[in-house]
Amino acid sequence: MMSDIAKDRMAHSVRKRRSVSSLSGREFRQKELHGYTKNSTSTVSYTDEPSQRDDASCLTVQMENTYQLGPTKHFPVVIVNHILKDVLTNYLQEEQYEPEVCRQMTKTISEVIKTQVKDLMIPRYKLIVIVHIGQLNSQSILIGSRCLWDPKSDTFSSYVFRNSSLFALASVYAVYFE
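Residues numbered from 1 in each chain as written. Predicted model: local features only at pLDDT ≥ 70, side-chain atom pairs only at ≥ 80, totals over all residues. Heavy atoms only, no water.

**A few points about the nonpolar core**
Using the following cut-off: For this analysis, a nonpolar core means a set of buried residues of the types Ala, Val, Leu, Ile, Met, Phe, Trp, Tyr and Cys, connected via side-chain atoms within 4.5 Å. The cut-offs for exposure are 20% and 50% of the maximum accessible area for each residue type, with area from a 1.4 Å probe on protein chains only; residues under the lower value are buried, those over the upper are exposed, and the others partly exposed. We count a stretch as a helix when DSSP gives it H or I for four or more residues in a row; a strand needs E for two or more, and each element gets its number in order from the N terminus. Residue contacts follow a heavy-atom distance rule, with two residues in contact if any of their heavy atoms lie within 4.5 Å.
The biggest cluster of nonpolar side chains holds 25 residues, and the ones touching the most others in it are Phe 75, Leu 92, Ile 109, Ile 113 and Ile 133. For this core, the secondary structure elements donating two or more residues are helix H4 (77-92), helix H5 (99-118), strand S3 (125-135) and strand S5 (166-176). Leaving out residues up to four positions away in the same chain, Leu 92 has contacts with Met 105, Ile 109, Ile 133, Phe 161, Asn 163, Leu 166 and Ala 168.

This is the structure:
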């Protein structure tokens, strides 16, 4: 018979280590070095509080393959164009071109656009958002991009904004993830 103190120590060590194995120390080292031993092994895992669920087990979801090769819902280019127009207009309407401020604005605007497009809940599309801001001073600029994609399911949306001091180009690329 185990005393109450020994039971408490055992329970504390189990909670602290979070698992108990049926292997002895020598057998455990053999298993680590050479893989599984001849005898079957069993391991029992414990959590600190059995009433609470482990967060990692909730986040890991094993899903079966769907073998779906095309999107069930296509990417809404027109709605994304309206999002680009609204965000660029709201953030840059009264702004003057300053290199440091515009550098931070590109990061902020791209995150806002990505968040708003993700809120549309379009399944299985990967998003790439790129924002360029430059000074409007009687110069010319060419911005190009090349992508390898499936024209049936992948698409993009872009919008150009100008005020008296600066220009901005925002592009959203939507690539279907099979």
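Following the structure, the description resumes.
**Focus: H5**
This is how the line gets drawn: For a helix, the expected span equals 1.5 Å multiplied by the residue count minus one.
With 20 residues, H5 should cover 28 Å at 1.5 Å per step; its first-to-last C-alpha distance of 29 Å lies within 8% of that length. Within the sequence span of H5, burial applies to Cys 102, Met 105, Thr 106, Ile 109, Ser 110, Val 112, Ile 113 and Val 117. Where H5 is buried, its residues meet H4, S3 and S5.

**Overview of the packing of aromatic side chains**
Test applied: Aromatic rings from Phe, Tyr and Trp, with only the six-membered ring used for Trp, were paired whenever their centres fell within 6.5 Å, and each pair was classed as stacked if the ring planes differed by under 30 degrees, edge-to-face if by over 60, and tilted otherwise. In this scheme, the term charge over a ring applies when either NZ of a lysine or CZ of an arginine sits within 6 Å of the ring centre and within 35 degrees of the ring normal.
Considering all chains together, one arrives at five aromatic pairs under this definition. Judged by centre distance (5.7 Å) and plane angle (50°), the ring pair of Phe 75 and Tyr 125 falls under tilted. One end of the pair, Phe 75, is in the loop between helix H3 (55-59) and H4; the other, Tyr 125, is in strand S3, and 50 residues separate them in sequence. Accessibility expressed as a relative area gives 10% for Tyr 125, which makes it buried. With centroids separated by 5.6 Å and ring planes inclined at 70°, the aromatic side chains of Tyr 125 and Tyr 176 adopt a geometry described as edge-to-face. On the criterion of sequence distance, the pair formed by Tyr 125 in strand S3 and Tyr 176 in strand S5 is long-range, its members being 51 residues apart. Counting every residue linked through ring pairs, the aromatic cluster contains Phe 75, Tyr 125 and Tyr 176. Directly above the aromatic system of Phe 177 lies the positively charged group of Lys 126, at a separation of 4.5 Å from the ring centroid.

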